[in-house]
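In case you want the letters, here they are:
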Amino acid sequence: MPSILLKKTVLITTKKWSQFVSMFMLEVLFLSGKEVFAERLLEQWIDRFLSVRTKPFKSFPVDVPKQARTKAKTISFDEVFHRFFEAIGPLQIRPFLAFGTLLGYVRENGFIQWDRDIDIGLFKEEVEIDQLKQTLQRAGFRIVEDFSDSPPYKLKCAYGDSPLIEMVFLEMENGYRITYGRLMGHSLKRHRKPFSLKSVQFKQVTVYVPDPPEAFLTENYGDWQNPQPIYSHIFHSKLTDYHTSIIRFYAKRSFCAQLLEGNALKIAHFLDLFVHKYPQDPFWTSLRKRLTPLLP
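Residues numbered from 1 in each chain as written. Predicted model: local features only at pLDDT ≥ 70, side-chain atom pairs only at ≥ 80, totals over all residues. Heavy atoms only, no water.

1. A few points about unusual backbone geometry
The phi torsion of most residues other than glycine is negative, and most of the peptide bonds are trans.
Item 1. For the bond running from Pro151 to Pro152, omega is 15°, close enough to zero to count as cis.
Item 2. Checked against the element boundaries, Pro152 lands in the loop between strand S3 (142-147) and strand S4 (154-158).
Item 3. A cis geometry characterises the amide bond from Asp211 onward to Pro212, with omega recorded as 0°.
Item 4. Within the secondary structure, Pro212 sits in the loop between strand S9 (205-211) and helix H8 (213-221).
Item 5. In the Ramachandran plot, Asn109 falls in the positive-phi region, its phi being about 55° despite a non-glycine side chain.
Item 6. Within the secondary structure, Asn109 is located in the loop between helix H6 (99-108) and strand S2 (117-123).
Item 7. Positive phi is not limited to glycine here, since Lys203 has a value of about 55°.
Item 8. Its place among the elements puts Lys203 in the loop between strand S8 (196-202) and S9.
Item 9. A relative accessible area of 27% places Lys203 in the partly exposed class. (Helix = DSSP H or I, 4+ residues; strand = E, 2+ residues; numbered from the N terminus. Buried < 20%, exposed > 50% of the residue type's maximum accessible area, 1.4 Å probe, protein only.)

Right, dumping it as structure tokens:
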């Protein structure tokens, strides 16, 4: 990266915090190979922000999932679910409930009220993906997103104005089932313990679920038994490797945003989390001492 750009980046610290946090400059620095510089700049910004902070942070209510979907669909979750399994039935494959849909099956005995799509998992070696796409299209589904031939190995489809169905293809690699997350435009490889499948009844349809489903949910969400008011699919997943440079950087990047938001409950929550995850990093331990007088 040209040095002139680095100098201009430093000058951004003189502007309002809300102006530079919303920019992607930090990610540009990190992804261009300036990891140490980007992380150090973040620490400087946080230090400067706190140096002029005198008022305690307020305990605003944390975000809670909405109990009703924001946009009504003319085709319901139940209907598109039935249409999907009716369409792929002749393929003799084993689609299984995954992620939020599996969570709804185990915890809610139905779809989660605030969910936006239906999550279906498939073992990649068992599926002829082109045949699957053709079958869905013949049944009236349209392909919305197609990343079936490269990471994150996902396929999204819809039937008219229906909720999306997101299919995730899990491949086996070195004894693990692999899925992918997305962070700053890059794929995060998730190494999941291998699992078998069992058939169950859900919404009057015979489907598969991981066996046991609770193990899959614990690996994916951690404490899944109760809805969590503060939740991050990156930071609360047991699959996240906190030793990688991108997660270490993103933790500080996200915490900067929490400080700007000013929600004391979230600040305290993520501060405790990062102190626990990085016990040897003096940045987090010293930050806890510094923030204690500002938190209720």
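2. A short note on the pattern of salt bridges
Item 1. If you walk through the whole model with that rule in mind, you get 18 salt bridges.
Item 2. Lys266 is paired through a salt bridge with Glu261; the nearest N and O atoms lie 3.4 Å apart.
Item 3. On the accessibility criterion, Glu261 (41% relative accessible area) is partly exposed.
Item 4. Taking the shortest distance from any N to any O, the salt bridge between Arg288 and Asp272 comes out at 2.7 Å. Of this pair, Arg288 sits in helix H11 (residues 282-291) while Asp272 sits in helix H10 (residues 264-277), and the two are 16 residues apart along the sequence.
Item 5. Judged by its relative accessible area of 32%, Arg288 falls in the partly exposed class.
Item 6. Classification of Asp272 by relative accessible area gives partly exposed; the value is 41%. (Salt bridge = Lys/Arg side-chain N within 4 Å of Asp/Glu carboxyl O.)

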